[in-house]
Amino acid sequence: MKYLVSTPSQLSHALRSARKARGLSQDGAGALVGLLPKTISALENHPGSATIDSLMKLLSALGLELVLVPKEADDEGIKSGSLPNEAW
């Protein structure tokens, strides 16, 4: 599944959903790429405080990749985050 992520809250939801969909605990996801469970928790609960390096490692553990597209791009396969738009 694809997610449109434009806020930290949407990123948080997408990461948690992807991890659970793969049947991974925070411990399991962290073990795949050398992150502590507390780092996985921080990425899922407060992604704005995490490093890009940690985010990229978690994306790798979840089999996800980061794709940047212009805002006006419309992709039918992208599921918008379930949370309302909010300020960063």
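Quantities reported herein were computed from a predicted structural model and do not represent experimental measurements.

Cut-offs and rules
- Residues numbered from 1 in each chain as written.
- Predicted model: local features only at pLDDT ≥ 70, side-chain atom pairs only at ≥ 80, totals over all residues.
- Heavy atoms only, no water.
- Salt bridge = Lys/Arg side-chain N within 4 Å of Asp/Glu carboxyl O.
- Helix = DSSP H or I, 4+ residues; strand = E, 2+ residues; numbered from the N terminus.
- Buried < 20%, exposed > 50% of the residue type's maximum accessible area, 1.4 Å probe, protein only.
- Contact = heavy atoms within 4.5 Å.
- Arc of directions from axis to C-beta.
- Core = buried A, V, L, I, M, F, W, Y, C linked by side-chain atoms within 4.5 Å.

## Notes on the pattern of salt bridges
Argument step 1. A complete count under the given rule lists three salt bridges for this structure.
Argument step 2. A salt bridge links R16 to E44, with the shortest nitrogen-to-oxygen separation between them at 3.7 Å. Taken as a pair, R16 in helix α1 (residues 8–21) and E44 in helix α3 (residues 37–45) lie far apart in primary sequence, 28 residues in all.
Argument step 3. A relative accessible area of 24% means that R16 is categorised as partly exposed.
Argument step 4. For E44, the salt bridge identified is with R19, shortest N-O distance 2.5 Å. Here the residue E44 occupies a position in helix α3, and R19 occupies one in helix α1, the gap between them amounting to 25 residues.

## Focus: the environment of L43
Argument step 1. Counting through the fold element by element, L43 comes out in helix α3.
Argument step 2. Look past the residues within four positions of L43 in its chain and what remains in contact with it is S12, L15, A50, S54, L55 and L58.

## Some points on the environment of M1
Argument step 1. Of note, M1 is situated in the segment before β1 (2–4).
Argument step 2. For the pair M1 and A18, spaced 17 residues apart in the sequence, the C-alpha separation amounts to 8.6 Å.

## A short note on helix α4 (residues 52–61)
Argument step 1. When α4 is considered as a whole, its buried residues turn out to be S54, L55, L58, L59 and A61. One side of α4 holds all its buried residues, which, seen down the axis, span an arc of 160 degrees. Seen from the open side of α4, the exposed residues pointing more than 90 degrees away from its buried face are I52 and S60.
Argument step 2. Buried positions along α4 lie against α1, α2 (26–33) and α3.
Argument step 3. Phi turns positive, to about 70 degrees, at G63, one or two residues after α4.

## A closer look at the nonpolar core
Argument step 1. Among the nonpolar cores identified, the biggest contains ten residues, and these are L15, A18, A29, L35, I40, L43, L55, L58, L59 and L62.
Argument step 2. Every element with two or more residues in this core is listed here: α1, α3 and α4.
Argument step 3. Here this core takes three residues from α4, the largest share from any one element.
Argument step 4. When neighbours within four sequence positions are excluded, I40 is seen to be in contact with R19, Q26, A29, G30, L35 and L58.

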